[in-house]
Every structure is written in structure tokens, then in C-alpha cells.
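So the chains spell out like this:
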Amino acid sequence: LSRKDQAEIKMKMYAEGRKRLADLQAQISDGGSTMADLNEFGRLNRENSTGSWWQQLTPDKQMFRSDGSMQMAAIQSRLAPKQRETGSGSSTDTDVRMFLRGLPSTENYGSTNKGIREDFEGNYKRAIEKANAMQAHLDQFGNLTDFDSRWAQRSSGGQAQPASSANMRFNVKTGKLEAVK
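Reading guide: rules and limits
- Residues numbered from 1 in each chain as written.
- Predicted model: local features only at pLDDT ≥ 70, side-chain atom pairs only at ≥ 80, totals over all residues.
- Heavy atoms only, no water.
- Core = buried A, V, L, I, M, F, W, Y, C linked by side-chain atoms within 4.5 Å.
- Buried < 20%, exposed > 50% of the residue type's maximum accessible area, 1.4 Å probe, protein only.
- Helix = DSSP H or I, 4+ residues; strand = E, 2+ residues; numbered from the N terminus.
- Contact = heavy atoms within 4.5 Å.
- Patch = residues over 30% accessible without salt bridge, like charges linked within 9 Å, V, L, I, M, F, W, Y side chains within 5 Å.
- Areas by Shrake-Rupley, 256 points an atom, 1.4 Å probe, with all protein chains shown as cover.
- Salt bridge = Lys/Arg side-chain N within 4 Å of Asp/Glu carboxyl O.
- pLDDT = per-residue confidence, 0-100.
- Polar contact = N/O pair within 3.5 Å; in protein donor to acceptor, adjacent residues only side chain to side chain.
- Axes fitted to C-alpha atoms, helices over the stretch in contact; angles between N-to-C directions.
- Parallel < 35°, antiparallel > 145°, perpendicular 65-115°, else oblique.
- Left-handed = near helix turned anticlockwise from the far one by under 90°.
- Nonpolar A, V, L, I, M, F, W, Y, C, P; charged D, E, K, R; others polar.

1. What to know about the nonpolar core
Then comes step 1: Counting residues in hydrophobic clusters, the biggest one holds 22 residues, and the most contacted among them are Ile28, Met134 and Phe147.
Then comes step 2: Broken down by secondary-structure element, the contributors of at least two residues to this core are α1 (3-47), α3 (67-79), α5 (110-141) and α6 (147-155).
Then comes step 3: Excluding residues within four positions of it along the chain, Met134 makes contact with Arg20, Leu21, Leu24, Leu144 and Phe147.

Here is the structure:
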């Protein structure tokens, strides 16, 4: 290849890397508002008990709920639509129920809500760490050609990962690993 062709390939690979990094940073940004809502839910949950049989029987009955309980329900309602992958079409009632079960709720015991919040926080922090590592790799090498395999090895503590893991990424919004398209 000519120098000009090599330069064009390098520029294209750099631009692809920048796009991928920007996508991850956008997911992290969206995850930041979700994390703030989850932390507020946790604060309210420490002040208002959840998970009782009464709360399970009357989840949306405002007259039977405290202000804190209703604020937690509002947070859950605000977070539920964020669980659906953007552009994935309409959601069925079954999808919505599944999304709601993955969020903190007044119907769950406080320890369950805390676990959900801590899982999201761990995934959120790992996504930030990955974005920082991706930026450093892009700055050093000018592309992300072998970033996924290096990240997988780093994330596993130096142990080899199955080949398919290099084609996966964490989606901060959904809290799931997804295939890289």
C-alpha cells in the first residue's frame, strides 16, 4: 500500500475508535442520571421500609402510601422506560413487567433494592474504567484493533477469555452485556 493509502486507513481506524469511545461515553452519561435516581431511591428506602405484604397488595394506592413511598414509585416509573433498548420497537406488557422486576421497588425488601443498586453501580464504574482504558489505548495506538482482547484479559485478571467475550460490551443503560455490532 502507498503511504497515502496507509494514512487513510489509519485515519479511518482512528475515526472508528473515536466513534466507539463516544458511544460508550454517551451510555455512561445516560447511566449517570440513572445512578442518581438509584441513589435517591436508596436514600428514600433507608427512611421508608419496603417489601411488606401491605406494600405488595397496594403498590399504586396513593392514599395508603407515605410521600417517600410514592417518590420511590415515581423513580421506578421514570427508570422503567430507560431499560428498553433504544430503537428496539414497542414493548409488550411482559417486557414492561420484566423491566420493572429489574429495578428497585417498594414491593422489594430494602436489602434486595440495595443489591440491585449496588450491581448497577458496579457495572457503571466498570464502564467508566473501560472508557478511560479505551481512551488511553486510542491515544497510544491510534486505533482500538486489539483493545477488546486486552480489556477482556485485564478484566479477567490476566486469564484468557473465551473468544466471544471480545465481541461483547456492557450497556450501561440496560445493565446487560451485548454483542458489539
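2. Regarding a nonpolar patch on the surface
Then comes step 1: Residues Trp53, Trp54, Leu57, Met63 and Phe64 make up a contiguous nonpolar surface patch of about 660 Å² in total accessible area.
Then comes step 2: Considering the arrangement of structural elements, one finds Leu57 in helix α2 (residues 53-57).
Then comes step 3: What makes Leu57 exposed here is its relative accessible area of 59%.

3. Side note on the pattern of salt bridges
Then comes step 1: Taken as a whole and assessed by the stated rule, the structure comprises nine salt bridges.
Then comes step 2: Of the charged contacts in the structure, one is a salt bridge between Glu47 and Arg43, with a shortest N-O distance of 2.9 Å. Of this pair, Glu47 and Arg43 both sit in helix α1, separated by four residues, roughly a single helical turn.
Then comes step 3: One salt bridge connects Lys114 with Glu118, and the closest N-O pair in it is separated by 3.8 Å. Of this pair, Lys114 and Glu118 both sit in helix α5, four residues apart, which is roughly one turn of the helix.
Then comes step 4: Its relative accessible area of 42% is what places Lys114 among the partly exposed residues.
Then comes step 5: Put simply, Glu40, Arg43 and Glu47 are held in one network by salt bridges that share partners.

4. Considerations on the confidence of the model for the chain
Low-pLDDT portions of the prediction should not be read for the details of their coordinates.
Then comes step 1: Per-residue confidence for the chain gives a mean pLDDT of 82; residues scoring 70 or more make up 78%.
Then comes step 2: Low pLDDT (under 50) marks residues 159-166, which in the prediction has seven contacts with non-local residues, meaning those over four places away or in another chain.

5. Points about the environment of Ser2
Then comes step 1: Assignment of secondary structure puts Ser2 in the segment before α1.
Then comes step 2: On the accessibility criterion, Ser2 (37% relative accessible area) is partly exposed.
Then comes step 3: At 3.1 Å, the side chain of Ser2 and the backbone nitrogen of Asp5 are in polar contact.

6. A word on the packing of α5 against α6
Then comes step 1: Two elements in contact, α5 and α6, have axes separated by 11 Å at closest approach and are oriented at 135°. Relative to α6, α5 is oriented oblique. As for the relative orientation of α5 and α6, their crossing is right-handed in sense. Of α6, the residues touching α5 (which contributes Arg126, Glu129, Lys130, Ala133, Met134, His137 and Phe141) are Phe147, Asp148, Arg150, Trp151 and Arg154.
Then comes step 2: In terms of residue class, the contact of α5 with α6 is built from five nonpolar, one polar and six charged.

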